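Results of the structural survey
Below, each chain spelled out in residue letters.
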Amino acid sequence: MGEQKGLVDPFTLADEDGYIWLKGNLHSHSTNSDGKVSPQERVDGYVNAGYDYLCVSDHHTITRIDTVSCPDEFTLVQGVELHPDNPFGGQRHHFLALNMTEDMNAQVMPPQAVIDAVHKQGGSIWLAHPHWSSVNILRDTMPLRGLAGIEVFNTTCRCMGRGESSVHWDDWMELGGQILPALANDDAHAAESTERDTYHGWTMVRVKERTAEAVVEALATGASYSSSGPEILDIKLKRVDEGKRTVEATVSCSEARRIFAVCDSYGVEYHEGGELFETATLTLRPGAKYVRFEIVDAQGYKAWSNPYDLANL
Ligand SMILES: [Zn+2]
Ligand SMILES: [Zn+2]
């Protein structure tokens, strides 16, 4: 897939080297925009639900992390959801900007200027819920440079039937000739309720420190995976044939009903006739350029690995 280095594989980062998994949600709203609970109530909800990190990403204006409190071991990421105009024809953009310090009037700025301004202050900016926003990747996203990756799952958008953006993810990677990391988020607006838009989408990051900088670095380099239920424990890839064009993948996970290896063209499904399993070996189609994995559990909840660049394997 071109010249880029590929992403960091979180499953190669060892416990012995001090790496830990953190569970978090990077997209939520409070009464500072259109959320139903105060910033402090939003934080308390995620602390009590057993999360390790949270971003209260209100629309337009940064909700400052020094206005809320949380336990020492909980990590707050300071961010905002920005909505620049879309000069390419689609709806106004929804970008999630993380590790932000300065507010900007994104609504009157072109999207590329917003992306550049976020980078200038050391932030990381992501494409939020493209399925829900009717984003056409070719029209709306390909003209832009510097987005870190895609929100592949959004719980609030699932409540409206457009929660998953995996096709947009594949489109973007195929059109751009590069692999990109993903996030899964709640985009929580409601008051606490396990049946609506809280506590159903999260991103697991592999980090050494419980800091916002470490979390965002892990997200941007791909040392993470996204989930609405299943846990991914390990992914191992190896070339198996003489010509070294065929790749075999072994996935270990919490109890799954099926696993998809999604490649740039074609892909493979693994199942055991509806029985649950915790490890699977899949043989990929020779010549595949990238592969990412979707794990589906008995309830239909999913986890999404980040893609692997097979050219660098
Ligand atoms: Zn949005
Ligand atoms: Zn939102």
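Scroll up to find the structure.
In short, a report on the structure. All residue numbers refer to position in the chain's written sequence, counted from 1. Naming scheme: in the order in which they are written, chains are lettered from A and ligands are numbered from 1. This being a predicted model, a pLDDT of at least 70 is required before a residue's local features are given, and a value of 80 or more before pairs of side-chain atoms are given or counted; all residues contribute to the totals for chains, interfaces and linings. Each side-chain value is derived from all of the structure's non-hydrogen atoms; neither hydrogens nor water enter the calculation.

1. A look at the overall build of the protein chain
How we decide: A helix here means a DSSP run of H or I that spans at least four residues, while a strand means a run of E at least two residues long, and both kinds are numbered starting from the N terminus. With C-alpha atoms as the basis for the radius of gyration, the globule rule is written as 2.2 Å multiplied by the number of residues raised to the power 0.38. Only protein chains enter the accessibility calculation, which uses a 1.4 Å probe. A residue is then buried if its area is under 20% of the maximum for its type, exposed if over 50%, and partly exposed in between. Any pair of residues with heavy atoms lying within 4.5 Å of one another is described as a contacting pair.
Helix and strand counts for the protein chain come out as 6 helices and 18 strands. The C-alpha atoms of the protein chain give 19 Å as radius of gyration, which agrees with the globular expectation for 313 residues (20 Å, within 12%). Taken along the three principal axes of its C-alpha coordinates, the protein chain extends 60 × 40 × 40 Å. When the 313 residues of the protein chain are sorted by exposure, 54% land in the buried category. Sequence separation of 24 or more characterises 61% of the internal contacts of the protein chain that already satisfy a separation of 6 or more.

2. Re the coordination of the zinc ion (ligand 2)
Our working definition: Any N, O or S atom lying within 2.8 Å of the metal counts as a donor, with the limit raised to 3.2 Å for Na, K and Ca; because water is left out of the atom set, some sites can appear incomplete. Irregular is the label for any site that misses the other tests, which are tetrahedral for four donors with all angles between 85 and 135 degrees, and square planar for four donors or octahedral for six when opposite donors exceed 155 degrees and the remaining angles lie between 65 and 115.
For the zinc ion (ligand 2), the full set of protein donor atoms is His27 (NE2), His29 (NE2), Glu81 (OE) and Asp187 (OD), and the range of their distances to it is 2.1 to 2.3 Å. Taken together, the 4 donor atoms coordinating the zinc ion (ligand 2) span angles of 78 to 164° at the metal, a pattern that classifies the geometry as irregular. Ordering the donors of the zinc ion (ligand 2) by residue number gives the pattern H-x1-H-x51-E-x105-D. Here the zinc ion (ligand 2) and the zinc ion (ligand 1) are spaced 3.6 Å apart, and both take glutamate 81 as a donor.

3. Here we look at the side chain of aspartate 234
We count it as follows: Nitrogen and oxygen atoms within 3.5 Å of one another constitute a polar contact, given that in protein one can donate a hydrogen and the other can accept it, and given that sequence-neighbouring residues count only through two side-chain atoms.
One can find aspartate 234 in strand S11 (residues 232-239). Among the polar contacts made by the side chain of aspartate 234, one reaches the side chain of lysine 236 at a distance of 2.5 Å. Sequence-distant contacts of aspartate 234, that is, excluding residues within four places in its chain, are made with Phe11, Thr250, Val251 and Ser252.

4. Regarding the coordination of the zinc ion (ligand 1)
Distances from the zinc ion (ligand 1) to its protein donors, Glu81 (OE), His94 (ND1) and His129 (NE2), fall within 2.0 to 2.2 Å. Expressed as a motif, the donor residue spacing for the zinc ion (ligand 1) is E-x12-H-x34-H.

5. Overview of the packing of aromatic side chains
Short version of the rule: Any pair of Phe, Tyr and Trp rings, taking the six-membered ring for Trp, is counted once the centres come within 6.5 Å. Such a pair is stacked with planes under 30 degrees apart, edge-to-face with planes over 60 apart, and tilted for the rest. Placement of a charge over a ring requires the Lys NZ or Arg CZ to be within 6 Å of the ring centre, with the centre-to-atom vector within 35 degrees of the ring normal.
What the rule picks out here adds up to 9 aromatic pairs. Ring geometry for phenylalanine 11 versus tyrosine 225: centroids 6.1 Å apart, planes at 25°, classification stacked. Of this pair, phenylalanine 11 sits in the segment before strand S1 (20-25) while tyrosine 225 sits in strand S10 (residues 224-227); the two residues are 214 residues apart in sequence, bridging distant segments of the chain. Residues phenylalanine 11 and tyrosine 225 agree in their burial class; the two are buried. With a centroid separation of 4.7 Å and an interplanar angle of 65°, the aromatic rings of tyrosine 46 and tyrosine 199 are classed as edge-to-face. Taken together, the residues tyrosine 46 in helix H1 (residues 39-48) and tyrosine 199 in the loop between strand S8 (182-185) and strand S9 (202-207) connect sequence positions 153 residues apart. Residue classification places tyrosine 46 among the buried residues on the basis of a relative accessible area of 0%. An aromatic cluster of three or more residues is present, and its members are Phe11, Trp21 and Tyr225. Lying across the ring of tyrosine 51, lysine 23 places its NZ or CZ 4.7 Å from the centre.

6. Topic: the side chain of histidine 83
Structurally, histidine 83 can be placed in the loop between strand S4 (79-82) and strand S5 (95-98). For histidine 83, a relative accessible area of 5% corresponds to the buried category. Reaching out from histidine 83, the side chain makes a polar contact with the backbone oxygen of histidine 93 at a distance of 3.1 Å. The contacts of histidine 83, once residues within four sequence positions are left out, are His59, His60, Arg92, His93, His94, Ala106 and Gln107.

7. Thoughts on the pattern of salt bridges
The following threshold applies: Criterion for a salt bridge: a side-chain nitrogen of Lys or Arg within 4 Å of a carboxyl oxygen of Asp or Glu.
In the structure shown here, the tally under the stated rule is 10 salt bridges. Of the charged contacts in the structure, one is a salt bridge between aspartate 140 and arginine 139, with a shortest N-O distance of 2.8 Å. Given a relative accessible area of 1%, aspartate 140 falls into the buried group. Glutamate 164 is the salt-bridge partner of lysine 302, the closest N and O atoms lying 3.0 Å from each other.

8. Considering the nonpolar core
For clarity, the cut-off: Side-chain atoms within 4.5 Å link the members of a nonpolar core, which is a set of buried Ala, Val, Leu, Ile, Met, Phe, Trp, Tyr and Cys residues. For the purposes of this description, domain bounds are those given by an automatic or database domain assignment.
Judged by nonpolar contacts, the single largest core of 36 residues is most densely connected at Ile235, Leu237, Ile259, Val291, Phe293 and Ile295. By residue number, the principal contributor to this core is strand S12 (residues 247-256), which donates 5 residues. Mapping this core onto the domain boundaries places at least three of its residues in each of domain 1 (10-227) and domain 2 (232-312). The residues touching isoleucine 235, leaving out its near neighbours within four places in the chain, are Asp9, Phe11, Thr250, Val251, Phe293, Ser305 and Tyr308.

9. What to know about the sheet that holds S12
Quick reminder of the rule: When DSSP finds two or more bridges between a pair of strands, those strands are recorded as paired. Throughout, an axis means a line fitted to C-alpha atoms (over the contacting stretch in the case of helices), and angles, computed between N-to-C directions, take values from 0 to 180 degrees.
As summarised here, the arrangement of the 3 strands in space is S11-S12-S15, forming an open sheet in which the pairing is antiparallel. Looking at strand neighbours, the two that pair on one side only are S11 and strand S15 (277-283), the edges of this open sheet. Looking at each pair of strands side by side, their axes are set apart by 15° on average, direction ignored. Sheet topology note: the S12/S15 ladder contains 6 bridges and is antiparallel. Following the sheet pairing, threonine 250 is matched in S15 by threonine 281.

10. Considerations on H1
This is how it is decided: An arc is given here, and it is the one of the directions from the helix axis to the C-beta atoms.
For H1, every residue scored as buried is listed here: Pro39, Arg42, Val43, Gly45 and Tyr46. Along the long axis of H1, the arc covered by the buried residues comes to 155°, so they all point the same way. Those residues of H1 that are buried lie in contact with S1, strand S2 (53-55) and strand S3 (75-77). Positive backbone phi, at 90°, marks glycine 50, one or two positions downstream of H1.

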